[in-house]
Amino acid sequence: APGNGNGPEELLRRHRAVLPEWVGLYYERPIELTHGEGRHVWDAEGVRYLDFFGGILTTMTEHALPAVTKAVAEQAARLVHSSTLYLNRPMVELAERVAALSGIPDARVFFTTSGTEANDTALMLATAHRGSNQVLAMRNSYHGRSFSSVGITGNSAWSPTSLSPLQTLYVHGGVRTRGPFADLDDAAYIRACVADLRDVLAQTRGNVAALIAEPVQGVGGFTSGPDGLFAAFRRVLDERGILWISDEVQTGWGRTGEHFWGWQAHAGNGPPDVLTFAKGIGNGMSIGGVVARASVMNCLDAQSISTFGGSPVTMAAGLANLEHLLANDLQGNARRVGGLLIERVRAVSAGLDLVREVRGRGLMIGVDLVAPGTDDSCPRAASLVLEAAREAGLLLGKGGGPGGSVLRIAPPLSLTVSEAQEGAELLGRALREARARLDG
Ligand code: PMP
């Protein structure tokens, strides 16, 4: 409890003494979360927050969803032994659900424990399948923290080493509003990105394994190219047999409202060859995974298993969570409530000269901030808004984006209309307060 030398301040001191410096903490006074329910979380001091960020981190449906809690408790009480050396009913069942939902024909599913490991596996599959360590990735991308996934992360703020085992070539298309093509209309933008892709490929020798991309860049600031971009890329990739890996770690499970997967906004030339997922599917339990066509998934000719990937406990959580998501049409909720939320966020941002753009789809909304009166990204503004929102009882995401000045809004997919309205009001207040402090 606070006040007895055992509160959040003491915990922060101990955190700093024992954890690496590169584990970033939000807020000047970091929050110790102790409890969650619905779309709210509480801290150790009993303060309640409306959670506009945890939806993308872990909480796809809602905090402490009773069906997930029950499934985890029951499975944990029965059996936690997770080896894939034995038949595992919850794993097979979740794999069947995910394969059917993926849109990938003849799909095979492999479970990991994180998004990083899912992408790492996708890279291993693609490079083995193609006999090449050349990979195409997007500028401003983020794909994880392993040695190989850092090597395809274009966002330098999240890429702590450049000593990658991969040969990575970065292409345009992830950030619609900046860079040399920003002034073009959507069709011309896509043509320019395709020309850029062809130009990059013309400078390679031998096979290129894959193009990996987030349909909407997450850590990069909820930014994306126009719909259809990856369908246009796909035509070029197909000419050379290059695989398309869609990193759906943030965009999967209906988050974008209109689509169940982010790739579906680019479906003109069919589904991706490989899809990776993680984060909210376990509603906090660690599940990641890869879906791929059998011909790609089965290209490995040695054993490759995961001790904890596919654990019956996390699989039980995933099954219960997915069931809840589908039964309650939370994708439809993301579309409806997300549509209202982006309107409200635009309304409270109107006339504020520190907001460059409010963008997004479904319950994945970015607020891009600038230094007032300029077009320069302003990380300080993002920090000020984050602090002010916290004081008002609203948790947001930060960072991301070229310049690190994008606020990220990604609540649980069950967000209600009144919570959307309340959150937008609180955000408006925080924006105005940050604006005043920028003057001060
Ligand atoms: N891909 C994307 C698009 C992500 O946003 C993240 C996590 N921020 C990852 C991969 C890595 O996932 P994890 O943190 O579970 O390893």
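It should be emphasised that the depicted structure is a prediction, and the values quoted were computed from it without experimental measurement.

In terms of helices and strands, the protein carries 13 helices and 14 strands. Here the C-alpha atoms of the protein give a radius of gyration of 21 Å, agreeing with the 22 Å that 2.2 N^0.38 yields for 440 residues. For the protein, the C-alpha atoms occupy an extent of roughly 60 × 60 × 45 Å along the three principal directions. The buried share of the protein, reckoned over its 440 residues, is 52%. A separation of at least 24 residues holds for 76% of the contacts in the protein among residues at least 6 apart in sequence.

Before going further, it helps to spend a moment on the site of the ligand. If you check the shell around the ligand, you find 15 residues, and the closest are S114, G115, T116, G144 and V249. It is helix α5 (residues 115-130) that provides the largest number of residues to the shell around the ligand, a total of 3 residues. Here the shell around the ligand is built from residues that sort into 4 nonpolar, 9 polar and 2 charged.

Averaged over the protein, the pLDDT score is 95; the fraction of residues at 70 or greater is 99%. Both scores are given for the predicted complex: the pTM is 0.97, the ipTM 0.99.

Okay, α5 next. Taking 1.5 Å of rise per residue, the 16 residues of α5 would be expected to cover 22 Å, and the 22 Å separating its terminal C-alpha atoms lies within 8% of that figure. The buried fraction of α5 is high, at 14 of 16 residues. One or two residues past the end of α5 sits G131, with phi positive at roughly 60°.

A few words on the nonpolar core. With 116 residues, the main nonpolar core has A210, L211, V274, V385 and L394 as its most contacted residues. The biggest single contributor to this core is helix α10 (residues 312-327), with 8 residues. Counting residues domain by domain, this core receives three or more from each of domain 1 (8-61 + 329-439) and domain 2 (67-327). Contacts of A210, omitting those with residues within four sequence positions, involve A126, V135, L136, I242, L243, W244 and I245.

What follows covers the packing of helix α3 (residues 66-78) against α10. Packing of α3 against α10 brings their axes to within 8 Å, and their N-to-C directions diverge by 155°. As the angle between them shows, α3 and α10 are arranged roughly antiparallel. Note on packing geometry: the crossing formed by α3 with α10 is right-handed. Facing A67, V68, A71, V72, Q75 and A76 of α3, the residues of α10 in contact are P312, V313, A316, A317, L319, A320, N321 and H324. Partitioned by chemical class, the residues of the contact of α3 with α10 number 11 nonpolar, 3 polar and no charged.

Rules used throughout
Residues numbered from 1 in each chain as written. Predicted model: local features only at pLDDT ≥ 70, side-chain atom pairs only at ≥ 80, totals over all residues. Helix = DSSP H or I, 4+ residues; strand = E, 2+ residues; numbered from the N terminus. Rg over C-alpha atoms; globule rule 2.2 N^0.38 Å. Buried ≥ 20, exposed ≤ 12 C-beta atoms within 10 Å, placed from the backbone. Contact = placed C-beta atoms within 7 Å. Near = placed C-beta within 6 Å. Nonpolar A, V, L, I, M, F, W, Y, C, P; charged D, E, K, R; others polar. pLDDT = per-residue confidence, 0-100. Expected span 1.5 Å × (residues − 1). Core = buried A, V, L, I, M, F, W, Y, C linked by C-beta atoms within 7 Å. Domains from an automatic or database assignment. Axes fitted to C-alpha atoms, helices over the stretch in contact; angles between N-to-C directions. Parallel < 35°, antiparallel > 145°, perpendicular 65-115°, else oblique. Left-handed = near helix turned anticlockwise from the far one by under 90°.

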